[in-house]
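Per-entry structural report
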Amino acid sequence: MKLLERARPEILSLQPYSSARMESRSRGIMLNANESPWPPVGNETTSLNRYPDPQPTALRVRMAELYDVAPERVLMGRGSDEAIDLLVRAFCREGRDAIVVSPPTFGMYAVAAAIQGARVIDAPLGADFAVDVDAVLAAITENTKIVFVCTPNNPTGAVVPLTTIARLADALRDRALLVVDEAYLEFAGGAPSATILISRHENVAVLRTLSKAYALAGARVGALVADAQIVALLRRIQAPYPLPSSSVAVALTALGGVAVAEAQARVAILLSERDSLAPALARARGVLAILPSSANFLCVRFADAAQTYQSLIEHGVVVRDVGRYAQLEGCLRISVGTPAENWQLLAALGLRRAVA
Ligand SMILES: *Cc1c(COP(=O)(O)O)cnc(C)c1O
């Protein structure tokens, strides 16, 4: 795979740490990892005294099934945030290499690059907050290693069409990795995942997470779906035991058949709430615009965002001020809550009488 040669040479030649759990999966009296022989006090029915499987097979198989890919293409980690960090560290040489992002977008890509000492080149979103393919391609240099695309985009909410992603992947072939962040894809009404492009475009890597639609932000479980060689590369630099056993257990529960159906039913509720919230908000005093959203949030432009933000806080409603992002002056990002919470939001904006 030619793209692999674009990874940092010291990572390619690295002798990865070999943990006790990797060296032997045999069962018996386990005296190989300096673990406590007893389960922890207060949690005696668990095996939390043992180090976890680095990539637990049952969860890997289940997530592969969920995302409709082969298990070899799944790298599990502490949320998709960890995968963003691993990708930048594996590919970008400090002081020399760069990533390309399309602001306004998720801030973690630029933070990961800054930590690694990689440059961040902006190719701003164009009209209607769509990815500007020509601007992205114009930003590419010999030292560009990764292009990040977020779909639906946080904080604007728009889906990036798969044709755009395929066009970018083609143009970047053998030169740069195209990372497609699909943290909110479950809310995008059946929009297809870029995972279906990986077989033809080995430079496409997709980020998925259980943090949003599966309600597991606190468990920290996400996945990178990519060519098996990219997965193997990142495994070399990932922490030896990235997934806590307790998080693996709750993730397996959340991905059981009945639980997935329930999660989908909740997504449907949020979409219906979002679609009634938008026109209701449009009637609020001081609302200038609401960006069309395919995610579980709305990006709303207010005449006086600072005052609205403060007034909402005083009414016990906390939203995100995204006004510091380019092109989003005066905007607040509002997550869709339960029907009761959304009612309270509208009441706080003077659109409903508050419920007791
Ligand atoms: C919430 C979010 C994530 C999820 O991060 P986790 O580390 O998986 O919790 C990833 N990307 C974007 C754009 C997000 O908004």
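Our subject is the structure that appears above.
This write-up is about the structure you can find in this document. In this convention, every chain numbers its residues from 1, walking through the sequence in written order. In view of the model being predicted, local features appear only for residues whose pLDDT reaches at least 70, and side-chain atom pairs are presented and counted only at 80 or more, with totals across whole chains, interfaces and linings using the full set of residues. Each side-chain value is derived from all of the structure's non-hydrogen atoms; neither hydrogens nor water enter the calculation.

**Description of the sheet that holds strand E10 (residues 320-321)**
What the 4 strands build is an open sheet, ordered E8-E9-E11-E10; its pairing is antiparallel. Edge positions in the sheet fall to strand E8 (287-290) and E10, since each of these pairs with one other strand and no more. Pairing between strands requires that DSSP locate at least two bridges from one strand to the other. Put simply, DSSP H or I for four residues or longer makes a helix, DSSP E for two residues or longer makes a strand, and each gets a number counted from the N terminus.

**A word on the nonpolar core**
In terms of nonpolar packing, the biggest core is built from 65 residues, with Met63, Leu178 and Leu210 touching the most fellow members. A total of 6 residues in this core trace back to one element, the largest contributor, which is helix H7 (residues 162-172). Note on contacts: a residue pair qualifies if any of its non-hydrogen atoms lie within 4.5 Å across the two residues. Those residues in contact with Leu178, other than ones at most four positions away along the chain, are Val147, Val149, Ile165, Leu168, Ala169, Leu172, Asn203, Val204 and Ala205. Only buried Ala, Val, Leu, Ile, Met, Phe, Trp, Tyr and Cys residues count toward a nonpolar core, and they belong to the same one when joined by side-chain atoms within 4.5 Å. For each residue, the accessible area found with a 1.4 Å probe, counting protein chains only, is set against the maximum for its type, and the residue is called buried under 20%, exposed over 50%, and partly exposed in between. The next biggest cluster of nonpolar side chains, apart from the first, holds 33 residues, and it includes Ile99, Tyr109, Leu177 and Ile230.

**Focus: the pairing of strand E5 (residues 177-181)**
Counting buried residues along E5, 5 of its 5 residues qualify, which places the element largely inside the surrounding structure. Burial of the side chains of E5 extends over both faces: Leu177, Val179 and Asp181 are buried on one face and Leu178 and Val180 on the other. With 5 bridges joining them, strand E4 (residues 144-150) and E5 adopt parallel strand pairing. Looking across to E5, one finds that Val149 is bridged to Val180. In this region the chain leaves E4, passes through H7 and returns to the parallel neighbour E5; the handedness of that crossover is right-handed. Direction of pairing for E5 relative to strand E6 (residues 204-209): parallel, over a ladder of 4 bridges. Among the inter-strand pairings, Val179 is bridged to a residue of E6, identified as Ala205. When the strands point away from the viewer, a crossover counts as right-handed if the route from the first strand across the helix to the second turns clockwise.

**Description of the site of the ligand**
The local shell around the ligand holds 13 residues, among which Ser80, Asp181, Thr209, Ser211 and Lys212 are the closest. Within the backbone of Asp81, a nitrogen or oxygen atom sits 3.0 Å from an oxygen atom of the ligand. In protein, a polar contact requires one atom able to donate a hydrogen and another able to accept it; more generally it is a pair of N or O atoms within 3.5 Å, and residues adjacent in sequence count only if both atoms are side-chain atoms. Thr209 has a polar side-chain atom sitting 2.6 Å from an oxygen atom of the ligand. With the chains in place, 93% of the 390 Å² that the ligand exposes on its own is no longer accessible. Counting residues per element, the shell around the ligand draws most heavily on helix H4 (residues 79-91), at 3 residues. When its residues are assigned to classes, the shell around the ligand shows 4 nonpolar, 5 polar and 4 charged. Near, as used in this document, describes a residue that has one of its heavy atoms within 4 Å of the molecule or strand being considered. We get accessible surface area from the Shrake-Rupley algorithm with a probe of 1.4 Å; when it comes to residues, only the shown protein chains can shield them. Classification used: nonpolar for Ala, Val, Leu, Ile, Met, Phe, Trp, Tyr, Cys and Pro, charged for Asp, Glu, Lys and Arg, polar for all others including Gly.

Scope: geometric values only; no functional claims are made or implied.
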